[in-house]
Amino acid sequence: MTVSNLKAAVIAGLVHTILAATIDTSTTTAPPGTAVPTLTISTAVASPSASLGATLPSQAPIPPTQGWCIGQIFCAGSLLQTVNIAQIYSDPKTFVDKPTSKSSQQVLADFSSFNLSTVTEGQIVNFVDTDFLGEGLELETAVLTNFNPTPAFLNNVTDPLLKAFAQTVHDYWTQLVRNTNQSALCGEYPGGTCESSLIPLNHTFVIPGGRFREQYYWDSYWIIQGLLQSELYDTVNATLQNFMDEIEGFGFIPNGGRIYYLDRSQPPLFIHMVYDYVNVTGDTSILQRALPLAEVELAWWANNRTIEVKSPYTNQTYMMAHYAVNNTAPRPESYLTDYLTVYDPTLSTPLTDTQAADLYSELASGAETGWDYSSRFEAIPQLGNPGLRSLNVKNNIPTCLNSILYKARILLAELYGTSNATASSTHLQVAAGIRAGILDLLWDPAKLAFYDFNLTSNARNDIFTVATFYPVWNGIIPNEVLASQSNAFGYFAAVNLVMNKYNGSVPVTFVDWTGLQWDAPNSWPPHQYIIMQALRAIPSNLTTNGLPTPSSNQSTYDLIPAGQLDFTEAQLPGQPFLVPQANQNATATGPAADISRLNGTVVNGGNATAGEGWRDTLQREMANRYYTSALCSWHATGGSIPGLLPQLPANELNVTGSIGNTGNMYEKFSNLNVDSSGYGGEYTVQAGFGWTNGVLLWVASTYGEQLVAPQCPPIIVAAANTSTSAAVGLQASSGAVITSVVMAYMASAIFL
């Protein structure tokens, strides 16, 4: 399919599968990358909570037609709302990822035969079973060209177990690579033989995994970091070609590879990806196509997501970006979730039509941030729908977005070099304006942290999030940070607190009462990468001192700049003990709160070295914690390595729901545990997982010599006193290891 036909193909009803009759669940025995592995697909079976004879609940009015969304089946409308009201699948995304088995007109005609006031659960189940195929069947597995089973970065890892684990994760790329089934495209919409929500792509791509069965925008940045370490340069190039096809077809890069994402993008990391690819491979030929299309994408953000903001601090005016999606209906992939947020029967105050439309826009804007969802963007952080109803995404100037756009301009100017001095100069000038706005509006020099600027209050927010590390990652280091080692450390003092006070890696926020997945206790792989890269960006002359020591009878909280976290020490989330106080938290304040602190290091933080500066200490501890979280949770869910790491016994795997499983690479982890996933949010925790794998391979390559085999906590408390519970190759768990033993396994996904 030619580039010019990309948009036409989407309108044409996209992709149809010829695999409707049978689903091949066999597996390949070929070596990784040498043959196309057979895709194992588990198609969801309808399981409505009501009886098949039950009449569907009454519905709220159908929202307005969304002009950006193509078609009447997978876009907001009567059909999509009715199927969602029936709740025949636990995940609303399942339905919109199912291609039809009939033409659009026939599906709509079949649906129109229902009397919506009397239609039953059984009728909807039969309708979906008859008129739709299995979700994800529009894609096919692909071969990874030039797959090297032993890329050079593996030699950077000195520990045999950790090297073998990196090898295992490297091999997982063969399970996550996909192509569009180009031979099964539909005819012209609306007259085609079928309809699908998939945006067909011309080139190979790597998916995140789980429910995320298509290509995604910002996920791909960290996937690419891993692919570059794995020397899969052709796959990186193919990924970038897909994004360029989308820019040519739509004028921007959608959130993901489905038509229901065409109202929004995601954090704009395309230019970062191109730069990293060229920097590693030396392949400048891609720039002939990439540079003009990078201009198109930046113009889209400038024209659609950029506004004028006047600073209350200096009276200066800046052009700053924000997330703001034009949408007045539930997101198709989360239709029921959004619908119930607006029409929550447990809330006594109904929303007006205008309020409902505004909330749908905020929900879509929250998804565009990539942080869907977080107390960061709630006017009143609360548990569940009351908090989500206070979303104020569009009225926030986000630290992360503007930092990314600043660096995009800088990188684009560098990629132009002397070939286009005018364009290069223009981008540097725009970048300077963004930088000035970030330092004026978002930087708090007293607290030594960045905070989003709130247009509603005309002031910085108080909530501390890991977004504070985005500017330094992208090359914006405030003068106050550069002024002294003390200030430079103060900017990262919260990282030091997490390493000492908690068992896991750095959480998104310290807000743990919303139940949202971009809040505590969840810690995300991209953020660990960003913080480590920010640490690496600090000039070496500011990092020669060792880690500072808290005052007498104080914890590492004592080292946090005043007001930075907006929490007292006692208000911070607690760290659960192992036995015998399994249901208690560690001491909230004082030296005993630093329960993971060891001599010169922290639990699962690697080994201290003589003369190590504070920056290098924090990097070492973070790298080891991340590796520990990935390996211990993988092992706890059935992972094993012949000769190095036996699989856990059945009684322990039963606790984690992992009988028959071979290990999960989770999309997110917990700052409280190193042997489980994170949890919360609007879908069950996913495994696979693209960005988790990418960050792990980057960590292995960058910090391989500093990685130490972890201390994985026992799955069953009683196992703490038995030598047989610790697998060969892992250090035996000790009393210093803290964990909440069985937590967050309730929704573990299978590997793919």
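Look up: the structure comes first, before these words.
I will try to describe carefully the structure that is included in this document. These numbers were taken from a predicted model, which means no experiment stands behind them.

1. A short note on the sheet that holds strand S6 (residues 396–397)
Step number 1: Strands sit in the order S6-S9-S10 across an open sheet of 3 strands; the sheet is antiparallel. The strands lining the two open edges of the sheet, one partner per strand, are S6 and strand S10 (459–460).
Step number 2: For S6 and strand S9 (residues 453–454), the ladder comprises 2 bridges, and the chain directions are antiparallel. What sits directly across from Asn396, in S9, is Asn454.

2. Describing the side chain of Asp594
Step number 1: Looking at where Asp594 falls in the secondary structure, it is placed in the loop between helix H21 (525–537) and helix H22 (614–636).
Step number 2: Among buried Asp, Glu, Lys and Arg side chains, Asp594 stands out as unpaired, with Arg597 the closest opposite charge at 4.4 Å.
Step number 3: Excluding its chain neighbours within four sequence positions, the residues that come into contact with Asp594 are Asn500, Lys501, Ser555 and Thr556.

3. Side note on the packing of aromatic side chains
Step number 1: Inspection of every chain in the model, using the stated rule, returns 50 aromatic pairs.
Step number 2: Ring centres of Tyr217 and Phe243 lie 5.4 Å apart, and the angle between their planes is 50°; this geometry places the pair in the tilted category. Here Tyr217 is found in the loop between strand S3 (205–206) and helix H8 (219–229), whereas its partner Phe243 is found in helix H9 (residues 233–250), with 26 residues between them in sequence.
Step number 3: Classification of Tyr217 by relative accessible area gives buried; the value is 0%.
Step number 4: The exposure class assigned to Phe243 is buried, which follows from its relative accessible area of 1%.
Step number 5: Arg376 extends its terminal NZ or CZ atom over the ring of Trp371, reaching a point 4.4 Å from the ring centre.
Step number 6: Directly above the ring of Tyr451 sits Lys447, whose terminal nitrogen or CZ lies 5.2 Å from the centroid.

4. Here we look at the sheet that holds strand S1 (residues 139–141)
Pairing between the strands of a sheet comes from backbone hydrogen bonds, and it takes one of two forms, parallel or antiparallel.
Step number 1: Pairing within the open sheet is antiparallel, and its 3 strands lie in the order S1-S2-S3. Where the open sheet ends on each side, the last strands, each with one partner, are S1 and S3.
Step number 2: Note: S1 against strand S2 (residues 177–180), 3 bridges, orientation antiparallel. Pairing of Leu139 across the sheet is with Thr180, part of S2.

5. Topic: helix H10 (residues 270–281)
Step number 1: For H10, with 12 residues, the first-to-last C-alpha span of 17 Å sits near the 16 Å given by 1.5 Å per residue.
Step number 2: Listing the buried residues of H10 in full gives Phe270, Ile271, His272, Met273, Val274, Tyr275, Asp276, Tyr277 and Val278.
Step number 3: On the buried face of H10, the contacting elements are H8, H9, helix H11 (287–304) and helix H15 (399–416).

6. Some thoughts on helix H6 (residues 160–171)
Step number 1: The end-to-end C-alpha separation of H6 is 17 Å, in line with the 16 Å expected for 12 residues at 1.5 Å each.
Step number 2: The set of residues buried in H6 consists of Leu161, Leu162, Ala164, Phe165, Ala166, Thr168, Val169 and His170.
Step number 3: Buried positions along H6 lie against helix H7 (173–176), H22 and helix H24 (690–703).
Step number 4: The opening residue of H6, the one whose side-chain oxygen lies 3.0 Å from the backbone nitrogen of Leu161, is Asp159.

7. Regarding the state of the cysteines
Two cysteines whose sulfur atoms are joined by a covalent bond form what is called a disulfide.
Step number 1: Inspection of the entire model under this criterion finds 2 disulfides.
Step number 2: What pairs with Cys632 in a disulfide is Cys712, and their sulfur atoms sit 1.9 Å apart. One disulfide, between Cys632 and Cys712, carries an S-S torsion of -85° and so falls in the left-handed class. Note that Cys632 is positioned in helix H22 and Cys712 in the segment after H24, a separation of 80 residues in sequence. Note on accessibility: Cys632 and Cys712 belong to one class, buried.

8. Considering the pairing of S2
Step number 1: Where S2 meets S3, 2 bridges bridge the pair, whose relative direction is antiparallel. By the bridge assignment, Arg178 is partnered in S3 with Phe205.

9. Quick word on unusual backbone geometry
Step number 1: Residue Tyr373 is bonded to the preceding Asp372 through a cis peptide linkage, with omega at 5°.
Step number 2: Even without a glycine there, the phi angle at Glu231 is positive, about 60°.
Step number 3: Tracing the backbone through its elements, the reader meets Glu231 in the loop between H8 and H9.
Step number 4: Residue classification places Glu231 among the partly exposed residues on the basis of a relative accessible area of 24%.
Step number 5: Located in the positive-phi region is Asn604, a residue other than glycine, with phi close to 55°.
Step number 6: Looking at the element boundaries, Asn604 is found in the loop between H21 and H22.

The rules behind these values
Residues numbered from 1 in each chain as written. Predicted model: local features only at pLDDT ≥ 70, side-chain atom pairs only at ≥ 80, totals over all residues. Heavy atoms only, no water. Pairing = 2+ DSSP bridges. Helix = DSSP H or I, 4+ residues; strand = E, 2+ residues; numbered from the N terminus. Buried < 20%, exposed > 50% of the residue type's maximum accessible area, 1.4 Å probe, protein only. Lys, Arg positive; Asp, Glu negative; His and termini not counted. Salt bridge = Lys/Arg side-chain N within 4 Å of Asp/Glu carboxyl O. Contact = heavy atoms within 4.5 Å. Phe/Tyr/Trp six-rings, centres within 6.5 Å; stacked < 30°, edge-to-face > 60°. Lys NZ or Arg CZ within 6 Å of the ring centre and 35° of its normal. Expected span 1.5 Å × (residues − 1). Polar contact = N/O pair within 3.5 Å; in protein donor to acceptor, adjacent residues only side chain to side chain. Disulfide = S-S within 2.5 Å.

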